[in-house]
Amino acid sequence: MNKPVRRIAIFCGILILALMARDNWLQFVRADELKNNKHNMRVQIARYSQPRGNIIVDGKAVTDSKEVNGINYKYKRTYTNGPMWAPVTGLSSQVYSPTMLEGVEDKILTGDDDRLFFNRTIDMITGKGKKGGDVITTLNAKAQEAAFKGLGDKKGAVAALDPRTGKILALASTPSYDPSTIAGANDGDAWKKLNDDKNKPMLNRALRETYPPGSTFKVVTAAAAMEHGLYGNVDEKTNSPKKWTLPDTQGVPLPNETPMPCDNVSMRAALQWSCNSVFGKISADLGNQKMIETANKFGFNSDDLTVPVGVTKSVYPKDNRPQNAMAGIGQASNRATPLQMAMVAAAVANNGKLMEPYMVDKLRAPNLNVIETHQPKEMSRPLTPEHAQSLQSAMETVVEEGTGTAAKISGVKVGGKTGTAQHGVDNSGNPYAWFISYAKSGDGSPVAVAVVIEGSDTMRDDIAGGKLAAPIAKNVMEAVLKTQK
Amino acid sequence: MSAISPMPNTTATTTVSTAGQPSRRNTELLLLAFAVILPCFAYANVGLALDGEMPSGMLGYGMGLGLLAGVGHLVMRKFAKYADPLLLPLATVLNGLGLVIIWRLDQSKRLQASKAFAPAATNQLLFSALGIALFVAVLIFLKDHRILQRYTYISMAVALVLLISPMFFPSVYGARIWIKIPGLGTIQPGEFAKIVLAVFFAGYLMVKRDALALASRRFMGMYLPRGRDLGPILAVWAFSILILVFETDLGTSLLFFGMFVVMLYVATERTSWIVFGLLMSAAGAVGVASFEHHVQARVDAWLDPFAGWGKSQASEQIAKALMTFGSGGVAGTGWGQGNSDLIGFAANSDFILATVGEELGLAGVMAILLIYGLIVERGVRTALAARDPFGKLLAIGLSGAFAIQVFVVAGGVMGLIPLTGMTMPFIAQGGSSVIANWALVAILLKISDAARRPAPAPVTNPDAEMTQVVRP
């Protein structure tokens, strides 16, 4: 009977070996995958087992961690001035995935980043818990406040940049939400309410929503005209007729909404009074290809723009001739984020050099050592300096004596462009009011800003941008100029 | 075997030498000391990790475990002097670690917040003491394991009662495997039935093995049993299926049928029985799974644990267990620092291995599996060494059942096979399980004692002198 007993012994051995093999499969081969599984609550538990690092603006933290000592989570994220900073900070919740800077810089904030390895090891040896690092932003608190207050209870967004470096100075979006209210473990109702809100308070309109840019896009069209040699400067006569019709159509006219004369005017005058016919014709004359080329240089159609939060792609697509002509006045299939339009203003203001926008200046270890400093980077050169300065003078005319007078700041050179974008079926939706501008001080331009306001029911004409959006832009620029003195 | 090859070295353990084996009781004592100290360190570790100080129950726990192990050892010295020296330390270390894990899970705030929570460590210590008491009783009162052979058919009756009785009690968490005694608590009779059935099978097969082995026809290289000899295996099979259907307990049914096939194979040395057994269990499992909802859910959960997240309790449990294992990685989080309590329900019973996985890591689980493997190996050794067929059958049946149980539970928790509600021997929370397994070890020790005991010196034959060759 010993032979079968030995065989049974082998069988039992195989059973145990199978268990061992399975265990190696689970705890070695698939360990990371299981550990970081989206259903694995340990990820969240670890995230909130120590205070999270902070997001810092102008030397002050706009985030904090509160000790709550719940069953699962020891700490909870809190936000100072949550709604104002939400487009920057995003949300770090005990339940939902982190967003914006909280999401992108999560590893620094939790202390898991590889660059914090040394700190972690030291803390482990000395018996201190793991600590998160801080994210120091480029934002300007005063400018952000001006932007957020300016938008008030209107629906819209503001993006402001330092054209010289690409630093993002303000990033506001309304209606907003307070991330503090949905940071806890039991905030499902508040979360659901925010998600069901048809005004989409959790949408970061400054980075993640694209709008038809309307007449503000004429700045890009003007730049394209000069860059592709159609006109040498903004003061050349454009040879455009009084009534210009769209190409390849049975005489569909492109009307001007301004009573001012638009026939054969210079680009300066055309920008000043926002002549549709002039820029429609320029776009048509250049053709789709060349327009795309210039738009791309300003940052359109780029798939992976991150600041380091991902930015939704602004587009200037391939299109037929009439549509391309309409796109030249920002009224066709081209769409832009507020940040993109701020980049357009910034590139012009910075003498044709577009700096890559960014909003994280430094990453700082818990022991205050700086582990990464962002160096400003040139993104492209959409304009030669001469053409840029020519375009600047035209944009300054717009503010001095054109549609953008509301943005005038005494003692400072301000250039801008208004826009009112129609949308909806047969343009039935309330138009989007746009304003893009920059201000110049002694050493170049310290601020460029784009403002968009959705659904301004009161004004449907082209002046809306100047009336509604320009004052906000003015306040933001003033705030930046004041803090930089 | 060629003539020049030496005798295989395994014979050393299987043939009986009149000189006998060294008793190895001192080895056992040394190992036992380790087996007590190890859980004590683990206990201290949990306390330090959770509260930053040595747990207050430390001394009591250490002394309690030491006392239990010591009593077991002393009784062995007296009543099972030549028994295997490894089994008691192995069982002690598992039981000790199990107590620590159960205590550790008692401290979980998450589990304390649930309505069903009741601290289990103290009770488990009590059950362990009862287990040792039964262990001691078996060693003392079971003079010779062959006495059990007399109770073959009584064992059958007892096993039937034990197995059938849970059907009359309400189902708990989808399975009817408990009987409830008001005021005393619940008993899982299946754990005891495992031993009683092994006794019945051993006694029955010993008598019938010749008939089963020899009266058969050869067909395609296999010996097919006669129709009437198929009776017993069919009966056991049918009975297992009944358990599966009425008690919805896949584990117990698999365990009993597996144990029977193993013992049948050892008794008859006919591979055909294994083939029949596998075919029949496959047919039974597939058949029942196709209409039994409870079993079906478990199979679905096994096939894709994460697919049923938020929809099926069974899937979620398995998925949580898998994530618990994965989160432990190779080295584990360390005692008291894991979150295996996220599994929630049954974290300290069916799923207790997951806590080992998370807190002690791959290394810890491998060690635990090795200890189980060693227990089985010692059991099989005992079967090889046993001098009587009944002892052989009983020992291989018990160790086979033990191995199958470990495989079914651990495999279920680790997602290797569909999960069935069974307990990890010695570690998991549950009185019946720990008591029955101590009895199982006691019986194995008794058989091993008989096998390793020096044979009585041959009685001097007074006639020997007289039968000398008479020279012509």
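None of these values were measured; they are calculated from a predicted model.

### Thoughts on the overall build of chain B
The number of helices and strands found in chain B is 16 helices and 4 strands. Residue burial in chain B is summarised as follows: out of 472 residues, 55% are buried. A separation of at least 24 residues holds for 73% of the contacts in chain B among residues at least 6 apart in sequence. Working note: accessible area of chain B is about 20,500 Å², and carbon and sulfur atoms make up 67% of it.

### Digging into the packing of helix α14 (residues 352-385) of chain B against helix α15 (residues 389-413) of chain B
All names here are of chain B. Across the interface, α14 lies against α15 with an axial gap of 8 Å and an inter-helix angle of 165°. Taken together, the axes of α14 and α15 are roughly antiparallel relative to one another. The crossing of α14 and α15 is left-handed. Between α14, through L353, A354, Y372, I375, V376, G379, V380, T382, A383 and L384, and α15, the contact on the second element is made entirely by K392, A395, I396, S399, F402, A403, V406, A410 and V413. Across the contact of α14 with α15, the residue classes tally to 15 nonpolar, 3 polar and 1 charged.

### What about the pattern of salt bridges?
Applying the stated criterion across every chain yields a total of 30 salt bridges over all chains. Between R378 of chain B and E377 of chain B there is a salt bridge, with the nearest N and O atoms lying 3.4 Å from each other. On the basis of relative accessible area, R378 of chain B is assigned to the buried category, the value being 17%. Beyond isolated ion pairs, a larger network of salt bridges with shared partners links R47, R52, R77, E102 and D106 of chain A.

### Some thoughts on the sheet that holds strand β12 (residues 413-421) of chain A
Residues and elements named next belong to chain A. The strand order β7-β6-β14-β13-β12 describes an open sheet built from 5 strands, whose pairing is antiparallel. Two strands close off the open sheet at either side, each with one partner strand: β7 (168-174) and β12. Recorded for the sheet is a direction-independent mean angle of 10° between the axes of neighbouring strands. Bridging between β12 and strand β13 (residues 432-440) involves 9 bridges; their strand directions are antiparallel. Across the sheet, K417 pairs through a bridge with I436, a residue of β13.

### A word on the packing of aromatic side chains
Centre-to-centre distance and the angle between the planes together describe a pair of aromatic rings. Tallying each qualifying case throughout the model produces 16 aromatic pairs over all chains. Ring centres of F217 of chain A and Y316 of chain A lie 5.4 Å apart, and the angle between their planes is 15°; this geometry places the pair in the stacked category. On the criterion of sequence distance, the pair formed by F217 of chain A in the loop between α10 (205-208) and α11 (218-227) and Y316 of chain A in the loop between α14 (288-298) and α15 (321-327) is long-range, its members being 99 residues apart. We classify Y316 of chain A as buried; its relative accessible area is 1%. A connected cluster of aromatic rings, assembled from ring pairs, spans F135, Y372, F402, F426 and W438 of chain B. Geometry around F79 of chain B places K78 of chain B over its ring, the cationic atom sitting 5.3 Å from the centre.

The rules behind these values
Residues numbered from 1 in each chain as written. Chains lettered and ligands numbered in written order. Predicted model: local features only at pLDDT ≥ 70, side-chain atom pairs only at ≥ 80, totals over all residues. Heavy atoms only, no water. Helix = DSSP H or I, 4+ residues; strand = E, 2+ residues; numbered from the N terminus. Buried < 20%, exposed > 50% of the residue type's maximum accessible area, 1.4 Å probe, protein only. Contact = heavy atoms within 4.5 Å. Areas by Shrake-Rupley, 256 points an atom, 1.4 Å probe, with all protein chains shown as cover. Axes fitted to C-alpha atoms, helices over the stretch in contact; angles between N-to-C directions. Parallel < 35°, antiparallel > 145°, perpendicular 65-115°, else oblique. Left-handed = near helix turned anticlockwise from the far one by under 90°. Nonpolar A, V, L, I, M, F, W, Y, C, P; charged D, E, K, R; others polar. Salt bridge = Lys/Arg side-chain N within 4 Å of Asp/Glu carboxyl O. Pairing = 2+ DSSP bridges. Phe/Tyr/Trp six-rings, centres within 6.5 Å; stacked < 30°, edge-to-face > 60°. Lys NZ or Arg CZ within 6 Å of the ring centre and 35° of its normal.

Any functional reading would require information beyond the geometric quantities listed.
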